[in-house]
Amino acid sequence: MSDAPTFVNIVDGTDAPAAGGAVMDVPSPHDGGLVARIAASAPGDVDAAVAAARAALPAWRATAPLERGAAIARFARLFDDEAGDLAELIHREMGKPLAEAQAEVARAAEVNHHFAAEAERMWEQYLPSGGAFGAGNHVRGEGIGVVAAITPWNFPVALIVWKLAPALAAGCTLVVKPAQEAPLAAWRVCDIARRSGLPDGVVNCVLGDGPALGEALATHDGVDKVAFTGSRRVAEMIAGWAAPRLKALSLELGGHGPLIVLDDADLDAAVDVATVQGFANAGQACYSVNRVFVPRTRMGDFMDAFRVRVAALELGPMATQRGFDRHHELMDDARAQGATVEGGGTVAGRRLAPAIVTHARHGVRVMEEEPFTPVVTVISYDDVSEALAEANRPDYGLVGYVCGGDLRRTMDVARALECGTVVVNGWRVVVAHAPYAGWKGSGVGAELGHPGMEAFIRWQHVRVLA
Ligand code: NAD
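Residues numbered from 1 in each chain as written. Predicted model: local features only at pLDDT ≥ 70, side-chain atom pairs only at ≥ 80, totals over all residues. Heavy atoms only, no water.

## Considering the pairing of strand β14 (residues 289-295)
The buried fraction of β14 is high, at seven of seven residues. Of the strand pairs in this sheet, strand β13 (residues 257-261) and β14 are connected by four bridges, and their pairing is parallel. Each residue of the ladder has a partner; that of Pro258, found in β14, is Arg291. For the segment spanning β13, helix α9 (residues 267-279) and β14, crossover handedness is right-handed. (Buried < 20%, exposed > 50% of the residue type's maximum accessible area, 1.4 Å probe, protein only. Helix = DSSP H or I, 4+ residues; strand = E, 2+ residues; numbered from the N terminus. Pairing = 2+ DSSP bridges. Right-handed = clockwise from strand over helix to strand, strands pointing away.)

## A few points about the site of the ligand
Lining the immediate surroundings of the ligand are 28 residues, of which Thr151, Ser231, Leu253, Cys286 and Glu370 lie closest. For the ligand, an oxygen atom lies 3.2 Å from a polar atom in the backbone of Gly230. At a separation of 2.8 Å, a nitrogen atom of the ligand approaches a polar backbone atom of Leu253. Calculation on the ligand without its partners gives an accessible area of 850 Å², and the protein chains cover 92% of this total. (Near = heavy atom within 4 Å. Polar contact = N/O pair within 3.5 Å; in protein donor to acceptor, adjacent residues only side chain to side chain. Areas by Shrake-Rupley, 256 points an atom, 1.4 Å probe, with all protein chains shown as cover.)

## What about empty space enclosed by the protein?
One way to see where empty space is left: roll a probe the size of a water molecule over the atoms. As enumerated under the stated definition, the model contains four cavities of 30 Å³ or more in all. There is about 80 Å³ of room inside the largest cavity. Forming the boundary of the largest cavity are 17 residues, of which His256, Pro258, Gly397, Leu398 and Cys419 lie nearest the centre. Only β13 and α13 (384-392) provide two or more residues apiece to the lining of the largest cavity. Looking at the lining of the largest cavity residue by residue, the class counts come to eight nonpolar, six polar and three charged. (1 Å grid on protein atoms, 1.4 Å probe; cavity = no way out; pocket = protein on both sides within 12 Å on 5 of 7 lines; lining within 4 Å. Points joined across faces, edges and corners; volume = space filled by probe spheres on them. Nonpolar A, V, L, I, M, F, W, Y, C, P; charged D, E, K, R; others polar.)

As C-alpha coordinates, this is what we get:
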(Lines give C-alpha, C1' and ligand atoms only; values in the text may rest on other atoms or scores of the structure.)
Protein backbone atom coordinates (compact mmCIF):
# COMPACT_ATOMS: atom_id res chain seq x y z
CA MET A 1 0.00 0.00 0.00
CA SER A 2 2.61 2.52 -1.05
CA ASP A 3 -0.20 4.87 -2.09
CA ALA A 4 -1.19 5.36 1.58
CA PRO A 5 -1.75 9.08 2.25
CA THR A 6 0.74 11.17 4.21
CA PHE A 7 -0.47 13.62 6.86
CA VAL A 8 1.88 16.44 7.84
CA ASN A 9 1.78 19.05 10.60
CA ILE A 10 -0.53 22.04 10.43
CA VAL A 11 1.38 25.16 11.41
CA ASP A 12 0.03 28.66 10.93
CA GLY A 13 -2.70 27.35 8.63
CA THR A 14 -0.36 25.60 6.22
CA ASP A 15 0.90 22.07 5.69
CA ALA A 16 4.30 21.75 7.36
CA PRO A 17 6.32 18.56 6.87
CA ALA A 18 8.54 17.55 9.77
CA ALA A 19 12.17 18.69 9.69
CA GLY A 20 13.99 16.76 6.99
CA GLY A 21 10.68 15.37 5.71
CA ALA A 22 10.75 12.53 8.27
CA VAL A 23 7.66 10.31 8.31
CA MET A 24 6.44 7.31 10.28
CA ASP A 25 3.83 4.62 9.62
CA VAL A 26 0.36 4.29 11.13
CA PRO A 27 -0.39 0.55 11.07
CA SER A 28 -3.93 -0.85 10.97
CA PRO A 29 -5.27 -2.54 14.11
CA HIS A 30 -7.47 -4.64 11.80
CA ASP A 31 -4.78 -6.38 9.75
CA GLY A 32 -1.42 -4.69 10.41
CA GLY A 33 -1.44 -3.04 6.95
CA LEU A 34 -0.40 0.55 6.38
CA VAL A 35 -3.24 3.03 6.99
CA ALA A 36 -1.21 6.19 6.43
CA ARG A 37 2.10 7.90 7.02
CA ILE A 38 2.44 10.88 9.31
CA ALA A 39 5.08 13.50 9.93
CA ALA A 40 7.66 12.24 12.43
CA SER A 41 8.15 15.60 14.08
CA ALA A 42 11.08 16.71 16.22
CA PRO A 43 11.19 19.30 19.02
CA GLY A 44 12.10 21.96 16.42
CA ASP A 45 8.74 21.35 14.74
CA VAL A 46 7.07 21.92 18.11
CA ASP A 47 8.89 25.28 18.31
CA ALA A 48 7.37 26.33 14.99
CA ALA A 49 3.86 25.29 16.03
CA VAL A 50 4.12 27.05 19.40
CA ALA A 51 5.48 30.19 17.68
CA ALA A 52 2.48 30.19 15.34
CA ALA A 53 0.06 29.79 18.25
CA ARG A 54 1.75 32.62 20.15
CA ALA A 55 1.65 34.92 17.14
CA ALA A 56 -2.07 34.26 16.67
CA LEU A 57 -2.92 34.65 20.36
CA PRO A 58 -3.26 38.46 20.81
CA ALA A 59 -5.79 38.93 18.02
CA TRP A 60 -7.83 35.82 18.85
CA ARG A 61 -7.86 36.65 22.55
CA ALA A 62 -9.05 40.18 21.76
CA THR A 63 -11.77 39.07 19.34
CA ALA A 64 -15.22 40.08 20.58
CA PRO A 65 -17.08 37.15 22.14
CA LEU A 66 -19.93 37.31 19.61
CA GLU A 67 -17.48 37.14 16.73
CA ARG A 68 -15.52 34.32 18.36
CA GLY A 69 -18.75 32.39 18.93
CA ALA A 70 -19.71 32.82 15.28
CA ALA A 71 -16.29 31.55 14.14
CA ILE A 72 -16.55 28.47 16.38
CA ALA A 73 -20.09 27.86 15.09
CA ARG A 74 -18.72 27.82 11.52
CA PHE A 75 -16.14 25.25 12.61
CA ALA A 76 -18.90 23.23 14.33
CA ARG A 77 -21.03 23.18 11.15
CA LEU A 78 -18.14 22.05 8.94
CA PHE A 79 -17.35 19.36 11.54
CA ASP A 80 -21.00 18.21 11.26
CA ASP A 81 -20.72 18.07 7.46
CA GLU A 82 -17.61 15.88 7.68
CA ALA A 83 -18.77 13.71 10.60
CA GLY A 84 -19.02 10.61 8.40
CA ASP A 85 -15.40 10.91 7.26
CA LEU A 86 -14.21 11.45 10.84
CA ALA A 87 -15.99 8.30 12.03
CA GLU A 88 -14.55 6.30 9.15
CA LEU A 89 -11.02 7.48 10.02
CA ILE A 90 -11.46 6.53 13.69
CA HIS A 91 -12.68 3.08 12.69
CA ARG A 92 -9.71 2.56 10.38
CA GLU A 93 -6.95 3.84 12.61
CA MET A 94 -7.93 2.43 16.02
CA GLY A 95 -10.35 -0.40 15.29
CA LYS A 96 -13.49 0.83 17.06
CA PRO A 97 -16.65 -0.51 15.35
CA LEU A 98 -18.05 2.09 12.95
CA ALA A 99 -21.26 2.59 14.96
CA GLU A 100 -19.23 3.42 18.08
CA ALA A 101 -17.04 5.79 16.06
CA GLN A 102 -20.15 7.54 14.72
CA ALA A 103 -21.48 7.90 18.26
CA GLU A 104 -18.16 9.41 19.41
CA VAL A 105 -18.25 11.98 16.61
CA ALA A 106 -21.93 12.80 17.22
CA ARG A 107 -21.29 13.49 20.91
CA ALA A 108 -18.21 15.58 20.04
CA ALA A 109 -20.35 17.61 17.62
CA GLU A 110 -22.65 18.52 20.51
CA VAL A 111 -19.64 19.76 22.47
CA ASN A 112 -18.60 22.03 19.58
CA HIS A 113 -22.02 23.64 19.39
CA HIS A 114 -22.25 24.01 23.15
CA PHE A 115 -18.98 25.93 23.39
CA ALA A 116 -19.73 28.03 20.31
CA ALA A 117 -22.68 29.32 22.33
CA GLU A 118 -20.64 29.60 25.53
CA ALA A 119 -18.12 31.81 23.73
CA GLU A 120 -20.80 34.48 23.47
CA ARG A 121 -21.31 34.48 27.24
CA MET A 122 -17.89 35.84 28.25
CA TRP A 123 -19.57 38.56 30.33
CA GLU A 124 -17.54 40.96 32.40
CA GLN A 125 -18.64 41.73 35.96
CA TYR A 126 -18.76 45.19 37.43
CA LEU A 127 -19.46 46.09 41.02
CA PRO A 128 -19.89 49.89 41.29
CA SER A 129 -18.24 51.57 44.26
CA GLY A 130 -20.75 54.43 44.49
CA GLY A 131 -18.38 57.11 43.18
CA ALA A 132 -18.09 58.28 39.58
CA PHE A 133 -19.68 56.08 36.90
CA GLY A 134 -17.19 53.32 36.09
CA ALA A 135 -15.48 53.46 39.46
CA GLY A 136 -15.52 50.13 41.28
CA ASN A 137 -14.44 46.58 40.57
CA HIS A 138 -14.34 45.26 37.02
CA VAL A 139 -13.69 41.53 36.76
CA ARG A 140 -12.89 40.14 33.37
CA GLY A 141 -11.75 36.82 32.01
CA GLU A 142 -9.59 36.18 28.97
CA GLY A 143 -7.94 33.22 27.32
CA ILE A 144 -5.17 31.77 29.46
CA GLY A 145 -2.81 31.66 26.48
CA VAL A 146 -1.29 28.96 24.31
CA VAL A 147 -2.66 25.52 25.15
CA ALA A 148 -0.90 22.23 24.43
CA ALA A 149 -3.61 19.58 23.99
CA ILE A 150 -2.14 16.08 24.43
CA THR A 151 -4.58 13.22 23.91
CA PRO A 152 -4.74 9.41 23.81
CA TRP A 153 -5.93 7.11 21.03
CA ASN A 154 -9.09 5.64 22.53
CA PHE A 155 -11.41 8.60 21.76
CA PRO A 156 -9.23 10.41 19.25
CA VAL A 157 -11.82 12.99 18.18
CA ALA A 158 -13.84 13.54 21.35
CA LEU A 159 -10.85 14.18 23.58
CA ILE A 160 -9.44 16.80 21.20
CA VAL A 161 -12.81 18.52 20.96
CA TRP A 162 -13.25 18.61 24.76
CA LYS A 163 -10.13 20.80 24.85
CA LEU A 164 -10.29 22.59 21.53
CA ALA A 165 -13.86 23.90 21.73
CA PRO A 166 -13.73 25.45 25.23
CA ALA A 167 -10.16 26.72 24.72
CA LEU A 168 -11.20 28.50 21.51
CA ALA A 169 -14.32 29.83 23.24
CA ALA A 170 -12.21 31.30 26.03
CA GLY A 171 -9.84 32.97 23.54
CA CYS A 172 -6.89 30.58 23.61
CA THR A 173 -4.83 29.28 20.71
CA LEU A 174 -3.67 25.68 20.55
CA VAL A 175 -1.04 23.18 19.59
CA VAL A 176 -2.73 19.79 19.33
CA LYS A 177 -0.64 16.65 19.73
CA PRO A 178 -2.68 13.52 19.09
CA ALA A 179 -1.53 10.02 20.02
CA GLN A 180 0.76 8.48 17.43
CA GLU A 181 -1.39 5.31 17.42
CA ALA A 182 -4.47 7.18 16.15
CA PRO A 183 -3.52 10.62 14.79
CA LEU A 184 -5.58 10.84 11.61
CA ALA A 185 -9.06 11.79 12.78
CA ALA A 186 -7.54 14.22 15.28
CA TRP A 187 -5.51 15.79 12.46
CA ARG A 188 -8.68 16.05 10.43
CA VAL A 189 -10.39 17.98 13.25
CA CYS A 190 -7.54 20.53 13.10
CA ASP A 191 -7.80 20.59 9.32
CA ILE A 192 -11.53 21.31 9.61
CA ALA A 193 -10.67 24.14 12.00
CA ARG A 194 -8.39 25.84 9.47
CA ARG A 195 -10.77 25.24 6.54
CA SER A 196 -13.68 26.67 8.55
CA GLY A 197 -12.00 30.06 8.47
CA LEU A 198 -10.50 30.23 11.95
CA PRO A 199 -7.49 32.57 11.69
CA ASP A 200 -4.17 30.95 10.77
CA GLY A 201 -2.19 29.84 13.78
CA VAL A 202 -5.18 29.54 16.11
CA VAL A 203 -5.23 25.73 15.78
CA ASN A 204 -1.93 23.99 15.03
CA CYS A 205 -1.22 20.26 14.98
CA VAL A 206 2.04 18.35 15.42
CA LEU A 207 2.28 14.65 14.62
CA GLY A 208 4.81 12.02 15.60
CA ASP A 209 6.44 10.26 18.50
CA GLY A 210 4.41 10.78 21.69
CA PRO A 211 7.13 10.87 24.34
CA ALA A 212 9.44 13.29 22.50
CA LEU A 213 6.71 15.71 21.48
CA GLY A 214 4.86 15.49 24.79
CA GLU A 215 8.03 16.48 26.64
CA ALA A 216 8.82 19.25 24.15
CA LEU A 217 5.37 20.76 24.70
CA ALA A 218 5.19 20.35 28.47
CA THR A 219 8.60 22.02 28.89
CA HIS A 220 8.10 24.75 26.28
CA ASP A 221 8.38 28.37 27.43
CA GLY A 222 5.73 29.39 24.92
CA VAL A 223 3.05 27.06 26.32
CA ASP A 224 0.83 28.46 29.09
CA LYS A 225 -1.35 25.43 29.79
CA VAL A 226 -1.07 21.70 29.22
CA ALA A 227 -4.41 19.94 28.85
CA PHE A 228 -3.61 16.24 29.02
CA THR A 229 -5.72 13.09 28.79
CA GLY A 230 -4.05 9.73 29.14
CA SER A 231 -2.43 7.39 31.61
CA ARG A 232 -1.36 8.23 35.14
CA ARG A 233 2.17 7.11 34.32
CA VAL A 234 2.57 9.78 31.64
CA ALA A 235 0.52 12.34 33.61
CA GLU A 236 3.08 12.22 36.39
CA MET A 237 5.84 12.98 33.89
CA ILE A 238 3.85 15.81 32.30
CA ALA A 239 3.14 17.28 35.75
CA GLY A 240 6.84 16.93 36.61
CA TRP A 241 7.76 19.04 33.58
CA ALA A 242 4.94 21.57 33.80
CA ALA A 243 4.88 22.20 37.56
CA PRO A 244 8.32 23.82 38.06
CA ARG A 245 7.59 26.03 35.04
CA LEU A 246 4.29 27.02 36.71
CA LYS A 247 2.14 26.09 33.73
CA ALA A 248 -1.58 25.61 34.22
CA LEU A 249 -2.43 21.95 34.02
CA SER A 250 -5.43 19.71 33.63
CA LEU A 251 -5.09 15.94 33.79
CA GLU A 252 -7.87 13.53 32.80
CA LEU A 253 -6.72 10.03 33.66
CA GLY A 254 -7.92 6.49 33.97
CA GLY A 255 -10.74 5.08 36.07
CA HIS A 256 -11.68 1.83 37.79
CA GLY A 257 -15.43 2.19 37.41
CA PRO A 258 -17.67 0.60 40.03
CA LEU A 259 -21.33 -0.27 39.37
CA ILE A 260 -23.32 -0.79 42.57
CA VAL A 261 -26.49 -2.78 42.00
CA LEU A 262 -28.88 -2.26 44.92
CA ASP A 263 -31.22 -4.99 46.11
CA ASP A 264 -34.30 -3.26 44.67
CA ALA A 265 -32.69 -2.51 41.27
CA ASP A 266 -34.26 -3.42 37.93
CA LEU A 267 -31.92 -6.29 37.11
CA ASP A 268 -32.30 -6.00 33.33
CA ALA A 269 -31.31 -2.34 33.50
CA ALA A 270 -28.30 -3.18 35.68
CA VAL A 271 -27.20 -5.92 33.28
CA ASP A 272 -27.55 -3.44 30.44
CA VAL A 273 -25.24 -0.95 32.18
CA ALA A 274 -22.66 -3.66 32.96
CA THR A 275 -22.71 -4.98 29.40
CA VAL A 276 -22.66 -1.70 27.50
CA GLN A 277 -20.18 0.13 29.72
CA GLY A 278 -18.12 -2.94 30.52
CA PHE A 279 -17.31 -3.68 26.92
CA ALA A 280 -17.74 -0.44 24.93
CA ASN A 281 -14.66 0.19 22.81
CA ALA A 282 -13.47 -3.32 23.81
CA GLY A 283 -12.97 -2.06 27.37
CA GLN A 284 -10.60 0.70 26.23
CA ALA A 285 -12.63 3.50 27.81
CA CYS A 286 -11.83 5.61 30.85
CA TYR A 287 -15.52 5.45 31.90
CA SER A 288 -15.72 1.65 31.70
CA VAL A 289 -17.59 -0.38 34.27
CA ASN A 290 -14.77 -2.52 35.67
CA ARG A 291 -16.28 -3.88 38.88
CA VAL A 292 -19.93 -4.76 39.49
CA PHE A 293 -21.18 -5.11 43.08
CA VAL A 294 -24.27 -7.34 43.32
CA PRO A 295 -26.26 -8.27 46.46
CA ARG A 296 -25.50 -11.90 47.32
CA THR A 297 -29.22 -12.71 47.16
CA ARG A 298 -29.42 -11.56 43.52
CA MET A 299 -26.05 -12.83 42.30
CA GLY A 300 -27.43 -15.93 40.56
CA ASP A 301 -30.07 -14.04 38.59
CA PHE A 302 -27.62 -11.27 37.69
CA MET A 303 -24.95 -13.67 36.43
CA ASP A 304 -27.43 -15.70 34.35
CA ALA A 305 -28.66 -12.60 32.54
CA PHE A 306 -25.18 -11.04 32.25
CA ARG A 307 -23.68 -14.18 30.68
CA VAL A 308 -26.41 -14.23 28.02
CA ARG A 309 -25.84 -10.59 27.07
CA VAL A 310 -22.04 -10.88 27.05
CA ALA A 311 -22.09 -14.03 24.91
CA ALA A 312 -23.80 -12.05 22.13
CA LEU A 313 -21.08 -9.36 21.97
CA GLU A 314 -18.62 -9.00 19.11
CA LEU A 315 -15.75 -6.69 19.92
CA GLY A 316 -13.47 -4.74 17.60
CA PRO A 317 -9.74 -5.49 17.63
CA MET A 318 -7.61 -4.11 20.46
CA ALA A 319 -6.12 -0.84 19.25
CA THR A 320 -2.60 -1.76 20.32
CA GLN A 321 -0.59 -4.95 20.68
CA ARG A 322 0.31 -3.66 24.14
CA GLY A 323 -3.36 -3.69 25.16
CA PHE A 324 -3.89 -7.14 23.67
CA ASP A 325 -0.92 -8.59 25.57
CA ARG A 326 -1.95 -6.85 28.76
CA HIS A 327 -5.38 -8.47 28.61
CA HIS A 328 -3.86 -11.95 28.58
CA GLU A 329 -1.50 -11.02 31.42
CA LEU A 330 -4.48 -9.86 33.49
CA MET A 331 -6.41 -13.06 32.79
CA ASP A 332 -3.37 -15.22 33.68
CA ASP A 333 -2.90 -13.26 36.90
CA ALA A 334 -6.57 -13.68 37.87
CA ARG A 335 -6.46 -17.45 37.28
CA ALA A 336 -3.14 -17.81 39.10
CA GLN A 337 -4.62 -16.05 42.14
CA GLY A 338 -7.65 -18.36 42.27
CA ALA A 339 -10.28 -16.21 40.55
CA THR A 340 -12.70 -17.65 37.99
CA VAL A 341 -12.34 -16.32 34.44
CA GLU A 342 -15.11 -16.89 31.89
CA GLY A 343 -14.31 -16.04 28.24
CA GLY A 344 -11.49 -13.64 27.55
CA GLY A 345 -9.67 -15.69 24.92
CA THR A 346 -8.40 -14.57 21.52
CA VAL A 347 -11.02 -14.72 18.75
CA ALA A 348 -8.74 -13.83 15.82
CA GLY A 349 -5.88 -11.40 15.24
CA ARG A 350 -6.18 -8.77 17.98
CA ARG A 351 -9.88 -9.47 18.60
CA LEU A 352 -10.73 -10.68 22.09
CA ALA A 353 -13.77 -12.38 23.58
CA PRO A 354 -15.20 -10.41 26.52
CA ALA A 355 -14.21 -11.75 29.94
CA ILE A 356 -16.13 -12.01 33.23
CA VAL A 357 -14.13 -12.53 36.43
CA THR A 358 -15.64 -13.72 39.72
CA HIS A 359 -14.23 -14.85 43.09
CA ALA A 360 -11.39 -12.30 42.87
CA ARG A 361 -9.68 -11.27 46.10
CA HIS A 362 -7.71 -8.13 46.93
CA GLY A 363 -4.39 -8.27 45.16
CA VAL A 364 -5.76 -9.70 41.91
CA ARG A 365 -4.73 -7.11 39.35
CA VAL A 366 -8.22 -6.51 37.93
CA MET A 367 -9.31 -5.59 41.49
CA GLU A 368 -6.52 -3.06 41.91
CA GLU A 369 -5.77 -1.35 38.58
CA GLU A 370 -7.63 -0.04 35.55
CA PRO A 371 -7.67 -3.01 33.16
CA PHE A 372 -8.37 -1.01 29.95
CA THR A 373 -9.24 -4.32 28.29
CA PRO A 374 -12.61 -6.12 27.88
CA VAL A 375 -13.06 -7.58 31.37
CA VAL A 376 -15.68 -7.01 34.07
CA THR A 377 -15.22 -8.34 37.60
CA VAL A 378 -18.39 -9.20 39.52
CA ILE A 379 -18.30 -9.09 43.33
CA SER A 380 -21.11 -10.13 45.68
CA TYR A 381 -21.89 -8.18 48.85
CA ASP A 382 -24.08 -8.47 51.92
CA ASP A 383 -24.25 -4.86 53.04
CA VAL A 384 -24.19 -1.77 50.86
CA SER A 385 -21.68 0.00 53.12
CA GLU A 386 -19.29 -2.87 52.43
CA ALA A 387 -19.83 -2.46 48.67
CA LEU A 388 -19.23 1.29 48.91
CA ALA A 389 -16.03 0.89 50.88
CA GLU A 390 -14.69 -1.54 48.31
CA ALA A 391 -15.88 0.58 45.38
CA ASN A 392 -13.99 3.58 46.80
CA ARG A 393 -10.88 1.66 47.88
CA PRO A 394 -8.59 1.91 44.81
CA ASP A 395 -6.99 5.28 44.07
CA TYR A 396 -9.35 6.15 41.20
CA GLY A 397 -12.46 8.31 41.01
CA LEU A 398 -13.64 8.97 37.47
CA VAL A 399 -17.07 7.46 36.72
CA GLY A 400 -19.28 5.33 38.97
CA TYR A 401 -22.70 3.82 38.37
CA VAL A 402 -25.60 2.95 40.67
CA CYS A 403 -28.77 1.04 39.83
CA GLY A 404 -31.56 1.09 42.41
CA GLY A 405 -35.33 1.32 42.87
CA ASP A 406 -35.87 3.72 45.75
CA LEU A 407 -34.52 6.98 44.35
CA ARG A 408 -33.60 8.62 47.66
CA ARG A 409 -31.53 5.64 48.76
CA THR A 410 -29.99 5.34 45.30
CA MET A 411 -29.00 9.01 45.39
CA ASP A 412 -27.43 8.56 48.83
CA VAL A 413 -25.26 5.79 47.41
CA ALA A 414 -24.43 7.92 44.34
CA ARG A 415 -23.23 10.77 46.58
CA ALA A 416 -21.12 8.39 48.64
CA LEU A 417 -19.20 7.21 45.57
CA GLU A 418 -15.90 9.08 45.33
CA CYS A 419 -16.18 9.77 41.61
CA GLY A 420 -16.36 12.97 39.57
CA THR A 421 -19.29 11.56 37.63
CA VAL A 422 -21.96 9.14 38.87
CA VAL A 423 -24.62 7.74 36.54
CA VAL A 424 -27.86 6.52 38.08
CA ASN A 425 -30.04 3.87 36.43
CA GLY A 426 -28.48 4.08 32.99
CA TRP A 427 -25.22 4.23 31.14
CA ARG A 428 -25.00 7.50 29.20
CA VAL A 429 -22.20 9.42 30.90
CA VAL A 430 -21.20 12.60 29.12
CA VAL A 431 -23.12 15.77 28.33
CA ALA A 432 -21.48 18.95 27.09
CA HIS A 433 -22.96 21.22 29.77
CA ALA A 434 -21.84 19.22 32.84
CA PRO A 435 -18.27 18.81 34.06
CA TYR A 436 -16.33 15.59 33.62
CA ALA A 437 -13.69 15.41 36.33
CA GLY A 438 -11.40 12.76 37.72
CA TRP A 439 -11.21 12.66 41.52
CA LYS A 440 -8.29 11.21 43.47
CA GLY A 441 -5.85 9.41 41.17
CA SER A 442 -8.13 9.96 38.16
CA GLY A 443 -7.05 13.50 37.55
CA VAL A 444 -6.78 17.18 38.28
CA GLY A 445 -9.30 19.75 37.05
CA ALA A 446 -12.36 19.20 34.88
CA GLU A 447 -13.41 19.21 31.25
CA LEU A 448 -16.79 20.23 29.81
CA GLY A 449 -19.46 22.34 31.48
CA HIS A 450 -18.64 25.71 33.09
CA PRO A 451 -15.57 24.36 34.89
CA GLY A 452 -14.30 23.01 31.57
CA MET A 453 -14.44 26.49 30.07
CA GLU A 454 -13.06 28.29 33.14
CA ALA A 455 -10.08 25.97 32.94
CA PHE A 456 -8.96 28.00 29.91
CA ILE A 457 -9.59 31.45 31.42
CA ARG A 458 -7.34 33.76 33.42
CA TRP A 459 -8.96 36.46 35.53
CA GLN A 460 -8.22 40.12 35.87
CA HIS A 461 -9.62 42.49 38.46
CA VAL A 462 -9.43 46.12 37.37
CA ARG A 463 -10.06 48.27 40.45
CA VAL A 464 -11.09 51.74 39.38
CA LEU A 465 -10.79 54.09 42.35
CA ALA A 466 -11.83 57.32 40.71
P1 NAD B 1 -0.73 7.54 27.35
O2 NAD B 1 -0.58 8.21 28.65
O3 NAD B 1 0.23 6.48 26.96
O4 NAD B 1 -0.71 8.60 26.15
C5 NAD B 1 -1.42 9.82 26.23
C6 NAD B 1 -0.69 10.87 25.43
O7 NAD B 1 0.60 11.10 25.98
C8 NAD B 1 -0.48 10.51 23.98
O9 NAD B 1 -0.62 11.67 23.19
C10 NAD B 1 0.95 10.00 23.96
O11 NAD B 1 1.55 10.13 22.68
C12 NAD B 1 1.61 10.90 24.96
N13 NAD B 1 2.77 10.25 25.62
C14 NAD B 1 3.02 8.92 25.73
N15 NAD B 1 4.19 8.72 26.40
C16 NAD B 1 4.66 9.94 26.71
C17 NAD B 1 5.82 10.39 27.40
N18 NAD B 1 6.72 9.52 27.89
N19 NAD B 1 6.02 11.70 27.54
C20 NAD B 1 5.11 12.59 27.05
N21 NAD B 1 3.99 12.23 26.38
C22 NAD B 1 3.77 10.93 26.21
O23 NAD B 1 -2.22 6.99 27.37
P24 NAD B 1 -2.93 6.01 26.35
O25 NAD B 1 -2.44 4.64 26.57
O26 NAD B 1 -2.85 6.58 24.97
O27 NAD B 1 -4.44 6.19 26.86
C28 NAD B 1 -4.99 5.39 27.81
C29 NAD B 1 -5.21 6.11 29.13
O30 NAD B 1 -5.95 7.32 28.97
C31 NAD B 1 -6.04 5.26 30.07
O32 NAD B 1 -5.53 5.29 31.37
C33 NAD B 1 -7.40 5.92 30.00
O34 NAD B 1 -8.24 5.66 31.09
C35 NAD B 1 -7.01 7.35 29.91
N36 NAD B 1 -8.15 8.16 29.44
C37 NAD B 1 -8.72 9.08 30.28
C38 NAD B 1 -9.84 9.82 29.85
C39 NAD B 1 -10.48 10.86 30.73
O40 NAD B 1 -11.18 11.73 30.21
N41 NAD B 1 -10.29 10.83 32.03
C42 NAD B 1 -10.33 9.63 28.57
C43 NAD B 1 -9.73 8.67 27.77
C44 NAD B 1 -8.63 7.95 28.20
